[in-house]
Amino acid sequence: MNFCELDAVVLSHDLPSSGLCAGDLGAVVHVHSDDAIEVEFVTAAGATQALLTLHAADFRAMRDNDLIAVRPAVRIGAG
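Calculation rules
Residues numbered from 1 in each chain as written. Predicted model: local features only at pLDDT ≥ 70, side-chain atom pairs only at ≥ 80, totals over all residues. Heavy atoms only, no water. Core = buried A, V, L, I, M, F, W, Y, C linked by side-chain atoms within 4.5 Å. Buried < 20%, exposed > 50% of the residue type's maximum accessible area, 1.4 Å probe, protein only. Helix = DSSP H or I, 4+ residues; strand = E, 2+ residues; numbered from the N terminus. Contact = heavy atoms within 4.5 Å. Pairing = 2+ DSSP bridges. Axes fitted to C-alpha atoms, helices over the stretch in contact; angles between N-to-C directions.

### A look at the nonpolar core
Then, in step 1: The biggest cluster of nonpolar side chains holds 14 residues, and the ones touching the most others in it are F3, L20, V39, F41, L54 and F59.
Then, in step 2: Secondary structure elements with two or more residues in this core: β1 (8-11), β3 (36-42), β4 (48-54) and β5 (59-61).
Then, in step 3: Ignoring any residue separated from it by four or fewer positions in sequence, one finds F3 in contact with V9, V28, V31, I37, A56, F59, R60 and A61.

See below:
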C-alpha cells in the first residue's frame, strides 16, 4: 500500500524502546521512500511519544472496524 502524509496508521508490533505497543495509533508525517516512512505517535494530550522512521511492514492503514482505546503512556527515560 502507498502511504501519504497525514495518513492514520496502526503499529503492527511492540516497540518497547519507544514506549509503543502493537495497536497504537500514529500519523505519517513524511514519506522518504516506500520502505522508509516517518510516523509520529502522540499522547491524548498531544505530546509526542515517538517520532520514528519505520518500514511499511511495521504498521498498517487504519480500518473502518478499528476501535480506538486509551492506555497510559510509557515514559521513556523515566525511572
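Here the narrative resumes, following the displayed structure.
### Focus on the environment of L11
Then, in step 1: By the element assignment, L11 lies in strand β1.
Then, in step 2: With a relative accessible area of 3%, L11 lands in the buried category.
Then, in step 3: For the pair formed by L11 and R75, sequence separation is 64 residues and the distance between their alpha carbons is 18 Å.
Then, in step 4: Those residues in contact with L11, other than ones at most four positions away along the chain, are L20, C21, A22, G23, D24, F41, L54, D58 and F59.

### Some words on unusual backbone geometry
Then, in step 1: A positive phi is found at L6, a non-glycine position, where the angle reads about 80°.
Then, in step 2: Tracing the chain through its elements places L6 in the segment before β1.

### Here we look at the sheet that holds β4
Then, in step 1: Spatially, β4-β3-β2-β1-β5 is the arrangement adopted by the five strands of the open sheet, whose pairing is antiparallel. This sheet does not close on itself; its edge strands, each paired only once, are β4 and β5. Along the sheet, successive strands turn relative to each other by an average axial angle of 40°, direction set aside.
Then, in step 2: Relative to β4, β3 runs antiparallel, the two sharing six bridges. Each bridged residue has a counterpart across the sheet, and for F41 the counterpart in β4 is A50.

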